[in-house]
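Residue-level listing of the chains:
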2 protein chains.
Amino acid sequence: MAKAPVLTPQADDFPRWYQDLINKAELADNGPVRGTMVIRPYGYGLWERMQQDMDLRIKEAGAQNAYFPLFIPQSYLTREAEHVEGFAPELAVVTHAGGKELEEPIVVRPTSETIINEYFSKWVQSYRDLPLLINQWANVVRWELRPRLFLRTTEFLWQEGHTAHASYEDARDYASLIQREVYADFMANVLAMDVVLGRKTLKERFAGAINTLTLEGMMGDGKALQLGTSHELGQNFAKAFNTQYLSKEGTQEHVWQTSWGSTTRMIGALVMMHGDDNGLRVPPRLAHVQVVVLAIKGDDEVVAKVREIGDRLKAAGLRVVVDDRTDTPFGRRAVDWELKGVPVRVEVGPRDLEAGTAMLARRIPGGKTPVALDSLAELLPAVLEEDQAQLLRESRERRESRTVDVASIEEAVEAAATGWARIPWADLGPVGEEELAQQGVSVRCLVTKDGGVPDSDDAPGTLAIVARAY
Amino acid sequence: MAKAPVLTPQADDFPRWYQDLINKAELADNGPVRGTMVIRPYGYGLWERMQQDMDLRIKEAGAQNAYFPLFIPQSYLTREAEHVEGFAPELAVVTHAGGKELEEPIVVRPTSETIINEYFSKWVQSYRDLPLLINQWANVVRWELRPRLFLRTTEFLWQEGHTAHASYEDARDYASLIQREVYADFMANVLAMDVVLGRKTLKERFAGAINTLTLEGMMGDGKALQLGTSHELGQNFAKAFNTQYLSKEGTQEHVWQTSWGSTTRMIGALVMMHGDDNGLRVPPRLAHVQVVVLAIKGDDEVVAKVREIGDRLKAAGLRVVVDDRTDTPFGRRAVDWELKGVPVRVEVGPRDLEAGTAMLARRIPGGKTPVALDSLAELLPAVLEEDQAQLLRESRERRESRTVDVASIEEAVEAAATGWARIPWADLGPVGEEELAQQGVSVRCLVTKDGGVPDSDDAPGTLAIVARAY
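The shown structure was predicted, so the numbers you read here are calculated from the model rather than taken from an experiment.

What counts and how
- Residues numbered from 1 in each chain as written.
- Chains lettered and ligands numbered in written order.
- Predicted model: local features only at pLDDT ≥ 70, side-chain atom pairs only at ≥ 80, totals over all residues.
- Heavy atoms only, no water.
- Helix = DSSP H or I, 4+ residues; strand = E, 2+ residues; numbered from the N terminus.
- Rg over C-alpha atoms; globule rule 2.2 N^0.38 Å.
- Buried < 20%, exposed > 50% of the residue type's maximum accessible area, 1.4 Å probe, protein only.
- Areas by Shrake-Rupley, 256 points an atom, 1.4 Å probe, with all protein chains shown as cover.
- Lys, Arg positive; Asp, Glu negative; His and termini not counted.
- Charge placed at Lys NZ, Arg CZ, Asp CG, Glu CD.
- Domains from an automatic or database assignment.
- Least-squares fit on C-alpha atoms with pLDDT ≥ 70 in both.
- Contact = heavy atoms within 4.5 Å.
- Salt bridge = Lys/Arg side-chain N within 4 Å of Asp/Glu carboxyl O.
- Buried area = accessible area lost by both parts, 1.4 Å probe.
- Polar contact = N/O pair within 3.5 Å; in protein donor to acceptor, adjacent residues only side chain to side chain.
- Pairing = 2+ DSSP bridges.
- Axes fitted to C-alpha atoms, helices over the stretch in contact; angles between N-to-C directions.
- Parallel < 35°, antiparallel > 145°, perpendicular 65-115°, else oblique.
- Left-handed = near helix turned anticlockwise from the far one by under 90°.
- Nonpolar A, V, L, I, M, F, W, Y, C, P; charged D, E, K, R; others polar.
- Phe/Tyr/Trp six-rings, centres within 6.5 Å; stacked < 30°, edge-to-face > 60°.
- Lys NZ or Arg CZ within 6 Å of the ring centre and 35° of its normal.
- Patch = residues over 30% accessible without salt bridge, like charges linked within 9 Å, V, L, I, M, F, W, Y side chains within 5 Å.

A. Structural view of the overall build of chain A. A count of helical and extended segments in chain A gives 14 helices and 23 strands. The globule rule puts the C-alpha radius of gyration for 470 residues at 23 Å, and the 25 Å found for chain A is close to it. Overall, chain A is about 80 × 55 × 45 Å in size when its C-alpha atoms are taken along their principal axes. By residue count, 59% of the 470 residues in chain A fall in the buried class. Counting every atom, chain A has about 18,600 Å² of accessible surface; 48% of that belongs to carbon and sulfur. Computing the positive centroid from 53 side-chain charges and the negative centroid from 69, chain A places the two 4 Å apart.

Rendered as structure tokens:
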């Protein structure tokens, strides 16, 4: 007898499958104010692990954490013309506080370029103060018309880096360093997500930037999702906020700046990249729960044994949860851990104890095999690394097999129904980009033929990757 | 010739000294919106270390991190009558978003009891779901009429714990566990701050609580500062939000709850508890920079040597910064590190190299002595522990020497000019508390004769600690 599916199957309705998974795996709930979300402990555990790893990388890149206010005077936003044009429609505005109407309305930060520049202009005096490399972990608010949990929420959590440099080249190189070492390497090697590093077109750039680097991932349904981005801001904000330094030569110069961000959207990407009809599959290097040791029955000996195994695996450096809640049926607990995508389950019952074995259930390749209890601590680290590699491989194979080279806009739109298309940017250009946009397809990024990042939009041989996107 | 003081001396003007120190040690700046603050990297580094240590303690106490929305529908606040009365005057309200006026105004969270109860009422079904132990690290907003950096800011950072339990006793015991293990022990053993653990009077309780436990610290000027608090919420919010569970006996019961919080105010406490006329003194166990190794001159050999020493001390597990910015005068850098309160400076010049020594400058006891370079890695951990103990001792001695037993309200007010007074609560009572309040003095907490926490306000022998407070 076939079991009723736990989730809406991906093939039936991918968006519904996504929503089902988020709720049933207890990653998040919708918040009461439209577009907000409650990140539940299991989902937040994924974010904490992302933060820890990225924070080390950010510090390795020389940036220091700080914290700037949530509230920005409305007048700041208007100082950089493109910036305010980009963000004005998404702002949440505080008009009353402390029981009174405010003289100047306050904007809840949608991003912090403006308020940070106000302080950079005070802190930066001389070339000795450069580069100034700042990061913050914070919440931001952008009013969303079509919210979706983790992907587009009115409030989301992120890190935003903001830096000031003495020259264009220094700023450009730093944006590139962040994009490669903090974002791309992390996504490939920790999140096991294949991502394409490219350059945004003028249309898709951050509001106020002279160049935006992006990472684009292909989701399970063939659509694209923009992940971390790094922006070269040129001197746009420096001029708007008068952020200048005294050069070695004794002249006053405007600084060159970057900003870069990555968000809780990465949790949504993880779901849509690695999830299947049974739930999430969490890459072992990220997982806050790598192994769950389950007591099948509430037998005293079994419960004592699962705790002992749990302790032994923790001592071996694994991140382990012991599930001895035997007043809940085993089958229900097993399905729940499968939904949550814990890479390995070690299942122990009375019969296993007699044989000195446990059942090893692997979430990523699937399948169950009995293993000797004594071998677990040695076996599991290798199993987890194998699973990590498999997820990255699957994600790369999906992108490769579902990306096609095309020669016309019609072919590009057709390809975008199931995956990505690659087309020479010279054949497309801003006009072709606009035509695509009218059919719901966008240029995700520009790349060179050998997968590098072009120096400019019109570098010869530049290819556009086009797709439908979240 | 006497040096001009770097800071306004404490004895001249304590509040001005505080403000000077915060700015000159680069801990924080005032934000552009009244009462907000920019936490600069050196100040934020202190907060990160506090977070790391407390987060481990919170997890040790069984709570899991999650994240609830910044935006709360205004109607939620009004469901618990005392709660809304307490917070209404301090709320910031979003009335417009996405270019439109909102149908229902949104409150920027001043604390999260209401929105969290909305979800607890969904998540808690049966006694099996209890206790439910949740914590979040977040920003909150309370409109402040008399803001002061770190002590009272419109926006501040904190952790707020929220728990639900099956019985009154479980909730009471959990609030007490948090107050002792997460807050009091952390403040004494990491922040080196002597604090008094007591019970708040009815007047001073959290809005909506049936009991509030507090920690009160005596600042350098003899005033009190309230630090971490834990609240027993009884069933007040459970009834307002209908948070019920099915008991083992098959009946529907309201849960018993706690909430507890500690904030960036602890950074202000650190300044006012340990700072002196030369700047901050950071307790070594907290310090993100425990040791700074300074090159006195820009000689190649000296610079190579300070880097080598820095690496060696890092390898010994110390948190070290190497200061080889020899284009800035040595004296200015030394004063700056003194302002920032780094516990130990290792100063290296050409003459020291010849002798195989360095100058060891200790911020906490003061003074400089030459030490052999080879002995540093072994010597410093003991030096730092000694300094840690000294700070705690000084803080305890200050509190003990400046607390007096009094028998009348007049004496209490007089004592509060320079320190704290202790008076039997039976002699004071709510009427005496009101009289004190009219003279700017408050009951900080109630304690038992032997320094414990009374079970109720009217337990025989209860003492009130009264003081002026920040």
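B. Structural detail: the domain arrangement of chain A. Domain boundaries in chain A define domain 1 (14-274), domain 2 (291-383) and domain 3 (402-467). When each unit is reduced to the centre of its C-alpha atoms, the spacing between domain 2 of chain A and domain 3 of chain A is 48 Å.

C. Representation of the relation of the copies chain B and chain A in the model. Structural alignment of chain B on chain A gives an RMSD of 0.0 Å, achieved by rotating through 180° and translating 0.0 Å along the axis. Taken together, the rotation and translation relating the two chain copies correspond to the operation of a two-fold axis. In terms of C-alpha distance to the rotation axis, chain B has Val94(B) as its closest residue, with the C-alpha 2.1 Å off the axis. Of all interface residues in chain B, 100% are interface residues in chain A too; the two copies therefore contact each other through one and the same surface.

D. Expanded view of the pattern of salt bridges. According to the stated counting rule, one finds 60 salt bridges over all chains in the structure shown. Notably, a salt bridge pairs Asp405(A) with Arg422(A), separated by 2.9 Å at the nearest N-O pair. With Asp405(A) in strand S20 (residues 403-405) and Arg422(A) in strand S21 (residues 420-424), this residue pair connects regions lying 17 residues apart in the sequence. Asp405(A) sits in the exposed class, given a relative accessible area of 57%. Between Arg362(B) and Asp387(B) there is a salt bridge, and its shortest N-O distance comes to 2.5 Å.

E. Expanded view of the interface of chain B and chain A. Taken together, the 52 residues of chain B in the interface contact 52 residues of chain A. Summing both sides of the interface, chain B and chain A together bury roughly 4,200 Å²; the carbon and sulfur share of this comes to 63%. Together, Pro32(B), Tyr67(B) and Phe71(B) form the three largest contributors to the area buried by chain B at its contact with chain A, with a combined 15%. At the junction of chain B and chain A, the tally comes to four salt bridges. In this structure, Lys59(B) and Glu48(A) form a salt bridge, with 3.0 Å as the shortest nitrogen-oxygen distance. At the surface where chain B touches chain A, the tally comes to 26 residue pairs in polar contact (both at pLDDT 80 or more). Ranked by residue count, the leading element in the side of chain B that touches chain A is strand S5 (residues 92-97) of chain B, at six residues.

F. Geometry of the pairing of strand S14 (residues 256-263) of chain B. Residue and element names in this part refer to chain B. Among the eight residues in S14, seven count as buried, and that is most of the element. When strand S8 (residues 155-165) meets S14, the two strands line up antiparallel, connected through eight bridges. Note that in S14 the partner of Gly 161 across the bridge is Trp 260.

G. A look at the sheet that holds S5(B). Here we have six strands laid out as an open sheet, ordered S4(A)-S6(A)-S5(A)-S5(B)-S6(B)-S4(B), and antiparallel in their pairing. A strand with exactly one partner marks an edge of an open sheet, and here the two such strands are strand S4 (71-73) of chain A together with strand S4 (71-73) of chain B. Each adjacent strand pair in this sheet contributes to an overall mean axis angle of 45°, direction not counted.

H. Layout of the packing of helix H2 (residues 41-60) of chain B against helix H8 (residues 265-274) of chain B. Residues and elements named next belong to chain B. Running from N to C, H2 and H8 cross one another at 110°; their axes reach a closest spacing of 10 Å. On the basis of their axis angle, the class for H2 and H8 is roughly perpendicular. As for how H2 packs across H8, the hand of that crossing is right-handed. Contacts between H2 and H8 involve Gly 43, Leu 46, Trp 47, Met 50 and Met 54 from the former and Met 266, Ile 267 and Leu 270 from the latter. Among the residues making up the contact of H2 with H8, the classes are represented as seven nonpolar, one polar and no charged.

I. Summary view of the packing of aromatic side chains. Scanning the model with the defined rule gives 22 aromatic pairs over all chains in all. Each ring, one from Phe14(A) and one from Trp17(A), has its centre 4.9 Å from the other, and the planes form 40°; the classification is tilted. Taken together, the positions of Phe14(A) and Trp17(A), both in helix H1 (residues 14-24) and three residues apart, correspond to about one turn of that helix. For Trp17(A), a relative accessible area of 0% corresponds to the buried category. Look at Trp47(B) and Trp137(B): their rings are 5.9 Å apart centre to centre, the planes differ by 75°, and that puts the pair in the edge-to-face class. Separated by 90 residues along the polypeptide, Trp47(B) in helix H2 and Trp137(B) in strand S7 (residues 132-141) bring together distant segments of the chain. Classification of Trp47(B) as buried rests on a relative accessible area of 1%. Between the NZ or CZ atom of Lys340(A) and the centre of the ring of Tyr42(A), over which it lies, the distance is 5.6 Å.

J. Local environment of the environment of Val190(B). All names here are of chain B. Mapping Val 190 onto the fold places it in the loop between helix H6 (168-189) and strand S9 (195-199). Given the relative accessible area of 7%, Val 190 is considered buried. Spatially, the C-alpha atom of Val 190 lies 9.9 Å from that of Arg 49, the residues being 141 residues apart in sequence. Not counting residues within four places of it along the chain, the set of residues in contact with Val 190 comprises Asp 53, Arg 57, Asp 185, Pro 283, Arg 285, Leu 286 and Gln 388.

K. Focus on the side chain of Asn139(B). If you trace the backbone, Asn139(B) turns up in strand S7. Reaching out from Asn139(B), the side chain makes a polar contact with the side chain of Glu155(B) at a distance of 3.1 Å. The residues touching Asn139(B), leaving out its near neighbours within four places in the chain, are Tyr67(A), Leu70(A), Arg109(A), Asn139(A), Tyr67(B), Leu70(B), Arg109(B), Glu155(B), Phe156(B) and Leu157(B).

L. A look at the sheet that holds strand S16 (residues 320-323) of chain B. Residue and element names in this part refer to chain B. Strands sit in the order S16-S15-S17-S18-S19 across an open sheet of five strands; the sheet is mixed. In this open sheet, the two edge strands, each paired with only one partner strand, are S16 and strand S19 (368-372). Geometrically, the sheet is characterised by an average inter-axis angle of 25° between neighbouring strands, direction not taken into account. As defined by bridge partners, strand S17 (residues 344-348) adjoins strand S18 (residues 357-362) across four bridges and the pair is classed as antiparallel. By the bridge assignment for S18, Glu 347 is matched with Met 359. Sheet contacts for helix H9 (residues 300-315): strand S15 (291-295), S16 and S17; angle to S15, the most-contacted strand, approximately 165°. Sitting on the sheet, helix H12 (residues 376-401) is in contact with S15, S17, S18 and S19, with an inclination near 145° to S17.

M. A look at a negative patch on the surface. Together, Asp299(A), Asp300(A), Glu301(A) and Glu354(A) make up a region of like negative charge exposed at the surface. On the secondary structure map, Asp299(A) appears in the loop between strand S15 (291-295) and helix H9 (300-315).

N. Inspection of helix H10 (residues 330-340) of chain B at higher detail. Taken together, the buried positions of H10(B) are Arg333(B), Ala334(B), Asp336(B), Trp337(B), Leu339(B) and Lys340(B). Check the buried side of H10(B) and you find it contacts helix H1 (14-24), H2, S15, S16 and S17 of chain B.

O. Focus on the side chain of Asn211(A). All names here are of chain A. Examined against the element boundaries, Asn 211 turns out to sit in strand S10 (residues 211-218). Classification of Asn 211 by relative accessible area gives buried; the value is 6%. In terms of polar contacts, Asn 211 uses its side chain to reach the side chain of Arg 199, at 3.2 Å. For Asn 211, the contacting residues outside a window of four places in its chain are Arg 199, Arg 205, Ser 230, His 231 and Glu 232.

P. How the structure looks around helix H5 (residues 113-123) of chain B. Among the 11 residues that make up H5(B), nine are buried, leaving the element largely enclosed by the rest of the structure. Three or more residues of H5(B) are buried, namely Glu113(B), Thr114(B), Ile115(B), Ile116(B), Asn117(B), Glu118(B), Tyr119(B), Phe120(B) and Trp123(B).

Q. Spatial organisation of the pairing of strand S19 (residues 368-372) of chain A. All names here are of chain A. Relative to S19, strand S18 (residues 357-362) runs antiparallel, the two sharing five bridges. For Ala 361, the partnering residue across the bridge sits in S19 and is Lys 368. The antiparallel hairpin formed by S18 and S19 contains five residues in its connecting segment, where Gly 366 sits at a positive phi of about 85°.

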